[in-house]
Amino acid sequence: MKSGVFKEFVFPTLVLTLICLFGTAALAFTNSVTAPIIEEANAKAAQEARMQLLPEADSFTPISLDGIEGLVDIYQADNGAGYVVTSQANGYGGAIQVMTGITADGTISGCTVLSHEESPGLGDRVAEEPYLSQYVGKGPDLEGVDAISGSTRSSDAFEQAVGIAFQAYDAATGKEAA
């Protein structure tokens, strides 16, 4: 009777436990090997995006700012060309993370969407060029920026993220927010 209980219950439990332990160890090892590689690739992609948004810059230094809700990070161009700010706001489907280049004179040199969870074919149009290009050259008032018809919440979230970028720019340059 004892050997039947061992064969039916204890042995399979031990085998499954060992399989789980080996699987967990393999995943932990894989993560420890790939995590630095992924982090380096993400840092390189972010640096390339900063250079595209503020092409006059030679290199960037991160700045620490506290108290601005929605601010992810802000980098100052080492040659004084301006700032690149990553910010986020909630759209229809979730958070929209936007990287905005702001020149030294306080106008937008470019914007890009880093990530979003908006509806395909409608809300995700905020990440496409016809919408993005209308921000170039605008100041903090964003006068003349048109929302995408049918995806107002996504457009509003994008505009809010750009507004957060200007708040960070004002804080970094010592200007009072408008």
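Bear in mind that the values here come from a model prediction, so they are computed numbers and not experimental data.

K.L.:
Could you give me a rundown of the side chain of Ser154, with the residues and numbers involved?
P.N.:
Following the sequence through the fold, Ser154 ends up in helix α3 (residues 152-173). Residue class for Ser154 comes out buried when judged on its relative accessible area of 2%. Once residues lying within four places of it in the same chain are set aside, the contact partners of Ser154 are Tyr92, Ile96, Glu118, Gly123 and Val126.

K.L.:
Break down the environment of Gly163 for me, citing the residues and quoting the values.
P.N.:
Within the element layout of this structure, Gly163 appears in helix α3. Separated by 63 residues in the primary sequence, Gly163 and Thr100 have C-alpha atoms spaced 9.8 Å apart.

K.L.:
I'd love a proper account of the pairing of strand β2 (residues 71-77), names of residues and values included.
P.N.:
Bridge count between strand β1 (residues 60-63) and β2: four bridges; the pairing is antiparallel. Paired with Thr61 across the two strands is Gln76, which belongs to β2. Pairing analysis gives five bridges linking β2 to strand β3 (residues 82-90), with the strands arranged antiparallel. Note that in β3 the partner of Leu71 across the bridge is Ser87.

K.L.:
Let's hear about the sheet that holds β1: which residues, and what values?
P.N.:
The strands making up a sheet associate through hydrogen bonds between their backbones, and the pairing can be parallel or antiparallel. Taken in spatial order, the five strands make up an open sheet running β1-β2-β3-β4-β5, and their pairing is antiparallel. Across the chains shown, the open sheet's two edge strands, defined by having one partner strand only, are β1 and β5 (108-115). Neighbour-to-neighbour, the strand axes of this sheet turn through a mean angle of 25 degrees, independent of strand direction. Of the pairings in the sheet, the one linking β3 to strand β4 (residues 95-103) comprises nine bridges and is antiparallel in character.

What counts and what doesn't
Residues numbered from 1 in each chain as written. Predicted model: local features only at pLDDT ≥ 70, side-chain atom pairs only at ≥ 80, totals over all residues. Heavy atoms only, no water. Helix = DSSP H or I, 4+ residues; strand = E, 2+ residues; numbered from the N terminus. Buried < 20%, exposed > 50% of the residue type's maximum accessible area, 1.4 Å probe, protein only. Contact = heavy atoms within 4.5 Å. Pairing = 2+ DSSP bridges. Axes fitted to C-alpha atoms, helices over the stretch in contact; angles between N-to-C directions.

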